[in-house]
Amino acid sequence: LPTGWPLFPLSVVLMSAACGDAPSPVTAESSKNDSLVGAWRSQISFGTGALAEVKDLEFMYVFNAGGTMTESSNYDGAPPVPPAYGTWRNSGPHQFEAKYEFFITKAPATFEDIAKGSGWSPNGHGVLTEKVTLSDDGSSYKSTIVYAAFDQAGKPTEAGGEGTGSAIRMGL
């Protein structure tokens, strides 16, 4: 450094470079191995409840870094329901818990109801609680899942059930 060069500006530049928020490639790879953050595609199989007869149920998830998530299934259109929204958290090494909810709809009573502009009306909501075990390499997981269904008044119905899932991380 030239004589009289102030050290303060240089130290500020060096500290700000060291404090950047971009993870190193090694950190990014190791955090992928112990985090759900990202997009996933899963196969779900319920052994009990209203969903036990569905043999080709698939979910797609997005787990966000802030602990929120979105889920959509290949059956969101039958009957029409919006995606599920919820939260997730780490519960131990390679262990996670997610809880997400969606609205349930009921079919119009008659074709005339549809012709009058009435469609699928609200009919309660569902709550899915999933316990996830992430693989060591972070590219897949196995899970257990509990489905609880509630009527329009918020009372539990008999439609709930229990199942298992297996997912793979989506990527380019």
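Residues numbered from 1 in each chain as written. Predicted model: local features only at pLDDT ≥ 70, side-chain atom pairs only at ≥ 80, totals over all residues. Heavy atoms only, no water.

Asker: Teacher, can you tell me more about the nonpolar core here?
Answerer: Considering soluble globular proteins, one finds that nonpolar side chains tend to be buried as a cluster. By size, the foremost hydrophobic cluster in this structure holds 24 residues, and its most contacted members are L36, Y61, F63, Y100 and Y141. When residues of this core are traced back to their parent elements, those giving at least two are β1 (38-46), β2 (58-63), β4 (84-92), β5 (95-106), β6 (121-134) and β7 (140-150). Looking at which element gives the most residues to this core, the answer is β5, with five residues. In contact with F63, other than residues within four places in its own chain, are L36, V37, G38, W40, T68, M69, W88, A98 and Y141. (Core = buried A, V, L, I, M, F, W, Y, C linked by side-chain atoms within 4.5 Å. Buried < 20%, exposed > 50% of the residue type's maximum accessible area, 1.4 Å probe, protein only. Helix = DSSP H or I, 4+ residues; strand = E, 2+ residues; numbered from the N terminus. Contact = heavy atoms within 4.5 Å.)

Asker: I keep staring at the confidence of the model for the protein and nothing clicks. Help me out?
Answerer: Scored by pLDDT, the protein comes out at a mean of 84, with 81% of its residues at no less than 70. Mean pLDDT across the elements of the protein bottoms out in helix α1 (residues 7-18) (42) and peaks in strand β8 (residues 161-169) (98). Overall, residues 7-30 carries pLDDT values under 50, and its contacts beyond four positions in sequence, including any with other chains, amount to three contacts. (pLDDT = per-residue confidence, 0-100.)

Asker: I tried to follow the pairing of β6 on my own but got confused; where do I start?
Answerer: Within a regular strand, the side chains alternate between the two sheet faces. Bridge count between β5 and β6: eleven bridges; the pairing is antiparallel. The residue of β6 that forms the bridge with F102 is G126. Where β6 meets β7, ten bridges bridge the pair, whose relative direction is antiparallel. Note that in β7 the partner of H125 across the bridge is F150. Where β6 hands over to β7, the hairpin turn is made up of five residues, of which G138 adopts a positive phi near 75°. (Pairing = 2+ DSSP bridges.)

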